[in-house]
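Reading the structure
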Amino acid sequence: MSMMKNEFINSLNNNQSTEGMTLLNINELDDINNIIGAQLGFEMAKLKPDASKMLKYQTLMGKIVIMKTELKHTESNQ
């Protein structure tokens, strides 16, 4: 994963969504969302899934949806 995407994930974890939003476009947000969704699927497929990891993945995916909505709104106002 590129350094920019790593910084984006770190900004999500630190609740700095606007910083991450300025670094990425919609397609990159979709890619990250798909990667997180795959990780969630792998976790759910385990015999004993870790509920805390699943919650973290779901939270990140929710934040990305919000960021995509804000980014689309920002782009439509320009």
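This section reports on the structure supplied with the text. (Residues numbered from 1 in each chain as written. Predicted model: local features only at pLDDT ≥ 70, side-chain atom pairs only at ≥ 80, totals over all residues. Heavy atoms only, no water.)

Observations regarding the overall build of the protein
Regarding its fold elements, the protein presents four helices and zero strands. In sequence order, the protein lays out its α and β elements as α-α-α-α. Within the protein, buried positions represent 28% of all 78 residues. If you take every contact in the protein between residues at least 6 apart in sequence, the share linking residues at least 24 apart comes to 61%. (Helix = DSSP H or I, 4+ residues; strand = E, 2+ residues; numbered from the N terminus. Buried < 20%, exposed > 50% of the residue type's maximum accessible area, 1.4 Å probe, protein only. Contact = heavy atoms within 4.5 Å.)

Description of the pattern of salt bridges
With the rule as written, the count across this model stands at two salt bridges. In this structure, the salt-bridge partner of Lys46 is Glu43, at a minimum N-O distance of 3.0 Å. Overall, the relative accessible area of 4% leaves Glu43 in the buried class. (Salt bridge = Lys/Arg side-chain N within 4 Å of Asp/Glu carboxyl O.)

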